[in-house]
Amino acid sequence: MTDRTTLIAVALTALLVGSIAGAGFAGLFGDDGTAEADLDPENTLLTGTTDPELATFASDDAFVEYFRDASSGIRSGGPTALPPTDDDGVALEGGSSREPDSTTDTADPGGNAASERGDRTEPRHSRTNVQEAGLDEPDVLKTDGESAYYATYRYTSRWAETSIVDVSDPAAPRTVGSIPLSGDLLLANDTLVVLGNQQAAGYDVSDPEDPERLWRNDLEATVETARLYDGDLYLVLVDRPGSDPCPIVPYGDTAIECTDVVRPATQADADAVYTAARVDPETGSLESEESVVGSRSLSATYVSENGIYLSYTRSTDRYELQRSFLGSENGSDLFDATARNRLAALETIDISQRAKAVELQEILTDWYGRMDDGERKAARQAFQDGLRDYVAAHHRDLSTTGIVRIDIEGELSVEASGEVPGTPLNQFSMDEHDDHLRIATTIPRTHGLDSENDVYVLDSDLETVGSVTGLGVDERIYSVRFEGDEGYVVTYREIDPFYTLDLSNPTNPTVDGELKLPGFSTYLHPLEDDLVLGIGQEDRRPKATLFDVSDPENPIELDSEILTEEYYSAVSRTHTAFLQDETHGVFFMPGGEQSYVFDYTGGELEEVARVDLGGAGARAMYVDDYLYVFGENQAVVIDETNWEVVNRHEL
């Protein structure tokens, strides 16, 4: 029996018992004249970002195999995908360089407000704060100016419901009814769509005092996000394949065959299937759908008027990195013939990446063991230095983001795909403008290399045509906002660099200016021309900052306010908690103990109202000149002409 045959037999036996850790392949190879073998450079070197080809699965078994391969490697993603290493370049357990995620940005601040104060011909009311004007997003509060719908699920796990409040007389609200289902809401004319935990439903609210359920469908998947656009409801549903995944049934009783799921031709960090679905909001019927392999961690979903952009990550695990280094020009000369033989044989064995990483460590240990002390020290240093140099040369190849665009005109279908280095923060990391996609990503810290942050511009085929790289060295992105030909990026580790970008030339984007100040912004909102609001933290307290960007090369901090009595604002979690009333020149910012209204006119922040709800504020809306602030079980109504409380309404 040959060494290689023995190796295969032992590997298969180890797989049958569930683990190969400690199998000790090194002892199976003797230095007995075995023919020298080398890794094939074409199969071992890192390829970096690619123009990913898309395919579907040949069978249900191929689907299961793809997800098993993705989960078997050390592919926990992004900044933790390549953990700290010891002197031999071997990953150490624990330790992530990435702080917890936070959410960013907004849009559509003014609702249907009149252009000037005091000059209005019809009642006005606010709309949910969204990323793209014209694409409504789900939230727990909706209003049409006559009725308000408020879902209380965030406070109660049982008997949750959606309250219906008559606000036709905005100074005197009345609760007129309720719906026995709670969740995120979307209002399509007289149909209220409720996206609950395990079901979605539509209610006819043409008579708010007597809502009637029109339809209900079970949800076997998580609603990642939703949009209401041009009368259609778009859902992005996430299903995590289990032990018997095929077919996938994410919405109602509609089954999606695993062989219809679109995937990248190369292995990705796949742990979920994303299904984009178009639904008739009045009937709940599924009109069109498309499913794509995706990653829950360090990915983002963005929706424009033209398409749904889904992303997945592709990270380099420990074995893949070390194998690639040892197959490179500099790394291949380190090993002796015996070690090279063992590594080449290991590459041919059909076992998990995690198992191969264990066996590669055995090969390294055996290689060092054949040296005297002086040779061993030199070999360890050469391996460590060579691996660090290899990582430095391939820093942007180690964690990449694949992007798939599903066009929404006609039948939903994948029309383009691309790939960029790094990982995005959230939906606001992407933006479509003039047939180009802009995406901001963080290149994670690894192997002693500092993190960096980039912005890439992709054309309609999702091919990269321009980039700005190296922002915020040794920091990560905390917020992003793209606005027309301009971009704003905040990075942070110890200070908050606020970058302004010129994106007017897609093939040559540039950094215009940079402003450093204490704290950080997790949320960026263009209040008006040349004025951007940042909401974040300083010294663990919520902070609001006004930026003057009239001179992009020299952004200025006009004013800031720190909520010294607060520890948290819901704006850091979701942009829908923020509200701007452009007519009155104010914005609403909830806190953990009280809620706040600030005037921002004249480039200064002035607190004009502080609302006590007996706890955290949740959402706010306005109807005419009355501001409603909603909490756990009541809504406070404020007259915006004098900022006095005129009503406290129990829900």
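Description of the structure in this document. Note that residues are indexed from 1 along each chain, following the sequence as it is written. A pLDDT threshold of at least 70 governs which residues receive local features in this predicted model, and a stricter bar of 80 or more applies before side-chain atom pairs are shown or counted, although totals over entire chains, interfaces and linings include all residues. Side-chain numbers here rest on the full set of heavy atoms in the structure, without hydrogens or water.

### Remarks on the packing of aromatic side chains
Then, in step 1: Each Phe, Tyr or Trp ring (for Trp, its six-membered ring) is paired with any other whose centre lies within 6.5 Å, and the angle between the two planes then decides the class: stacked below 30 degrees, edge-to-face above 60, tilted in between. Within this structure, the stated rule accounts for 20 aromatic pairs.
Then, in step 2: A ring pair is formed by Phe-57 and Tyr-66, whose centres lie 5.4 Å apart and whose planes are at 75°; its orientation type is edge-to-face.
Then, in step 3: Residue exposure (1.4 Å probe, protein chains only): buried if accessible area is under 20% of the type maximum, exposed if over 50%, otherwise partly exposed. In this structure Phe-57 comes out as buried when scored by relative accessible area, which is 5%.
Then, in step 4: Taking 4.9 Å as the distance between ring centres and 50° as the angle between the ring planes, the aromatic pair formed by Tyr-523 and Phe-578 counts as tilted. One end of the pair, Tyr-523, is in strand β29 (residues 520–528); the other, Phe-578, is in the loop between β32 (556–562) and β33 (579–581), and 55 residues separate them in sequence.
Then, in step 5: According to the relative accessible area criterion, Tyr-523 is buried, its value standing at 0%.
Then, in step 6: One aromatic cluster is present, built from ring pairs that chain together Tyr-523, Phe-578, Phe-587, Tyr-596 and Phe-598.
Then, in step 7: Cation placement over rings: the criterion is NZ of Lys or CZ of Arg within 6 Å of the ring centroid and within 35° of the ring normal. The lysine or arginine in question, Arg-380, covers the ring of Tyr-368, its NZ or CZ lying 4.4 Å from the ring centre. The helix count covers DSSP runs of H or I at least four residues long, the strand count covers runs of E at least two residues long, and both are numbered beginning at the N terminus.

### Details of helix α7 (residues 373–393)
Then, in step 1: Each residue after the first adds 1.5 Å to the expected span of a helix. In a regular helix each residue adds 1.5 Å, so 21 residues correspond to 30 Å; α7 covers 30 Å between its end C-alpha atoms and thus fits that length.
Then, in step 2: Within α7, burial applies to Ala-379, Phe-383, Gln-384, Gly-386, Leu-387, Tyr-390 and Val-391.
Then, in step 3: In what follows, residue pairs with any heavy atoms lying within 4.5 Å of each other are defined as contacts. Buried residues in α7 make contact with α4 (318–326) and α6 (353–369).
Then, in step 4: Put simply, Asp-372 is the residue that caps the front of α7, since its side-chain oxygen is 3.2 Å from the backbone nitrogen of Gly-374. Here a polar contact is taken to be a pair of N or O atoms separated by no more than 3.5 Å, where protein atoms must pair a possible hydrogen donor with a possible acceptor and residues adjacent in sequence count only if both atoms sit in side chains.

### Here we look at the pairing of strand β16 (residues 286–294)
Then, in step 1: Strand pairing is assigned whenever DSSP detects at least two bridges linking the two strands. Examined bridge by bridge, strand β15 (residues 272–279) and β16 share 8 bridges and lie antiparallel to one another. Counterpart to Val-273 in the pairing with β16 is Val-293.
Then, in step 2: Connecting the antiparallel pair β15 and β16 is a turn made up of 6 residues, with Gly-284 showing a positive phi of about 75°.

### What about the sheet that holds strand β8 (residues 199–204)?
Then, in step 1: Judged by pairing direction, the sheet is antiparallel, and its 4 strands sit side by side in the order β6-β7-β8-β9 without closing on themselves. Here the strands that pair on one side only, and so sit at the sheet edges, are β6 (184–188) and β9 (212–218). On average, adjacent strands in this sheet sit at an angle of 15° to one another, irrespective of strand direction. Orientation is described by axes fitted as lines to C-alpha atoms, over the contacting stretch for helices, and by angles from 0 to 180 degrees between their N-to-C directions.

### Things to note about the state of the cysteines
Then, in step 1: Here, the term disulfide refers to a pair of cysteine sulfur atoms separated by no more than 2.5 Å. Using the criterion set out here, one finds 1 disulfide in the structure.
Then, in step 2: Two residues, Cys-246 and Cys-258, share a disulfide whose sulfurs are 2.1 Å apart. Note on the Cys-246 and Cys-258 pair: the S-S dihedral is about -110°, so by sign convention the disulfide is left-handed. Of this pair, Cys-246 sits in the loop between β11 (232–239) and β12 (248–251) while Cys-258 sits in the loop between β13 (254–256) and β14 (262–264); the two residues are 12 residues apart in sequence, bridging distant segments of the chain. By the burial criterion, Cys-246 is buried, and Cys-258 matches it.

### Examining the packing of helix α5 (residues 337–347) against α6
Then, in step 1: Running from N to C, α5 and α6 point in directions that differ by 175°, and their axes come no closer than 10 Å. In this view, α5 runs roughly antiparallel relative to α6, as classed from their interaxial angle. Touching Ala-339, Arg-342, Leu-343, Leu-346 and Glu-347 of α5 are Lys-356, Glu-359, Leu-360, Ile-363, Asp-366 and Trp-367, all from α6.
Then, in step 2: When its residues are assigned to classes, the contact of α5 with α6 shows 6 nonpolar, no polar and 5 charged. By definition in this entry, angles of less than 35 degrees are roughly parallel, angles greater than 145 are roughly antiparallel, angles of 65 to 115 are roughly perpendicular, and the rest are oblique. Three categories are distinguished: nonpolar for Ala, Val, Leu, Ile, Met, Phe, Trp, Tyr, Cys and Pro, charged for Asp, Glu, Lys and Arg, and polar for the others, with Gly belonging to the last.

### Some thoughts on the side chain of Lys-142
Then, in step 1: Structurally, the position occupied by Lys-142 is in strand β2 (residues 141–143).
Then, in step 2: In this structure the side chain of Lys-142 is engaged in a polar contact, spanning 2.8 Å, whose partner is the side chain of Thr-128.

### Remarks on the packing of α4 against α6
Then, in step 1: With their axes 8 Å apart at the nearest point, α4 and α6 run at an angle of 50° to one another. Accordingly, the angle class assigned to the pair α4 and α6 is oblique. Considering the relative orientation of α4 and α6, their crossing is left-handed. Residue-level contacts link Arg-318, Tyr-319, Glu-320, Gln-322, Arg-323 and Leu-326 of α4 to Gln-353, Lys-356, Ala-357, Leu-360 and Leu-364 of α6. Each crossing gets its handedness from the near helix: less than a right angle anticlockwise from the far helix is left-handed, clockwise is right-handed.

### Some details on the nonpolar core
Then, in step 1: Core analysis: the largest hydrophobic core is formed by 32 residues, its most contacted members being Phe-63, Ile-308 and Ile-406.
Then, in step 2: Going through the elements one at a time, α3 (60–72), β11, β15, β16, β18 (307–315) and β19 (399–407) are the ones with two or more residues in this core.
Then, in step 3: Leaving out residues up to four positions away in the same chain, Phe-63 has contacts with Phe-57, Pro-241, Pro-245, Cys-246, Ile-248, Cys-258, Val-261 and Val-273.
Then, in step 4: Core analysis: the next-biggest nonpolar cluster, separate from the first, contains 26 residues, Leu-141, Ile-164, Val-167 and Val-205 among them. Among buried residues, the Ala, Val, Leu, Ile, Met, Phe, Trp, Tyr and Cys ones that are joined through side-chain atoms within 4.5 Å form a nonpolar core.

### Quick look at the side chain of Lys-356
Then, in step 1: Note that Lys-356 resides in helix α6.
Then, in step 2: Charged residues are defined here as Lys and Arg on the positive side and Asp and Glu on the negative side; His and the ends of the chain fall outside this count. Salt bridges are identified by distance alone: a Lys or Arg side-chain nitrogen within 4 Å of an Asp or Glu carboxyl oxygen. One buried charged side chain, Lys-356, makes no salt bridge at all; its nearest oppositely charged neighbour is Glu-347, positioned 4.5 Å away.
Then, in step 3: Within polar-contact distance, the side chain of Lys-356 engages the backbone oxygen of Glu-347 at 3.3 Å.

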